[in-house]
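Descriptive structure summary
Spelled out, the chains give:
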Amino acid sequence: MENKLIGIVQGSTLLITAILLTATIACKKAASDSTTGTTTTTIGTGVPDIYKKIYGATSITTDGTYITIKATSLPDHKSPYYKGTQWAATLYEAYNGTNPLWSQNPNSIAENDVTYKIPLNPTVASTHSATPLGPMGVALNGVPIFNQYAAGGAALTGEVNSFDEYDGHPQQSGMYHYHAEPYYLTTKNGESSLIGFLLDGFPVYGPMENGKTLTNADLDVYHGHTSATADYPNGIYHYHITSAAPYINGNGFYGTAGTVSQ
Ligand SMILES: [Zn+2]
Ligand SMILES: [Zn+2]
């Protein structure tokens, strides 16, 4: 009897230890490293392989209708905007780009948690809604993609000079973002590679296709076209980044947009 009781107590202790251990592992999985900015992504069941390319997300899940992507918005590459932050030791570097008019804005990079809910099966919209200010999509490294406008819908004319060597910058709350080609991703993966997704679920590709650098004239008013891509051999509508404004998106979403929350 006494032995049996000890057995039960030991069993429960083991169970509690196992639960605690699982909880600790789960926490670690979802967290981004506080010094290097590297992230481990938790991927839910049923998530198609293409979305697993979003390596900068903290989690990617699906309910069968939407893909939900959570990210911290922290870039995994160096930036002058990491100056004075908790990540500065490993991620700060002085501006080393080529823009002679470079002018650092007063903001510093901070964690900004964003949840993107995008359609699993994107569809063309009957009415094309305008893209919002703030995140209109997410890049593979978890950095938000913004549209071609500055606050108040103004042109980016002045703001472009505050883009760092990787073509991004933080706004007032420290949310780092790209309005144009994320050079870190296109250097690493190629100029014709997948860059990310807009909120309507349609993918965004770099400026090259079949060995040709595309211009705005090659694209429709939403800044895309339909053709086969390396990831979608059967063809899909997709956006392309170009070197001239509007850079990533034109006159609003091609498809029916999902939602974004912060
Ligand atoms: Zn901006
Ligand atoms: Zn294309």
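See the structure above.
Residues numbered from 1 in each chain as written. Chains lettered and ligands numbered in written order. Predicted model: local features only at pLDDT ≥ 70, side-chain atom pairs only at ≥ 80, totals over all residues.

**Focus: the pairing of strand E3 (residues 66–71)**
Most of E3 sits out of view: five of its six residues are buried. In this sheet, E3 lies alongside strand E2 (residues 57–62) in antiparallel orientation, the contact comprising five bridges. Residue pairing across strands places Ile60 opposite Ile69, the latter belonging to E3. What sits between E2 and E3 in their antiparallel hairpin is a turn of three residues, with Gly64 showing a positive phi close to 95 degrees. As defined by bridge partners, E3 adjoins strand E4 (residues 114–119) across six bridges and the pair is classed as antiparallel. Along E4, the bridge assignment pairs Lys70 with Thr115. (Buried ≥ 20, exposed ≤ 12 C-beta atoms within 10 Å, placed from the backbone. Helix = DSSP H or I, 4+ residues; strand = E, 2+ residues; numbered from the N terminus. Pairing = 2+ DSSP bridges.)

**Structural notes on unusual backbone geometry**
Note that the residue after Ala245, namely Pro246, is joined by a cis bond; omega there is 15 degrees. On the secondary structure map, Pro246 appears in the loop between strand E14 (236–240) and strand E15 (259–261). Residue Ser73 is not a glycine yet carries a positive backbone phi of 70 degrees. Mapping Ser73 onto the fold places it in the loop between E3 and helix H2 (88–91).

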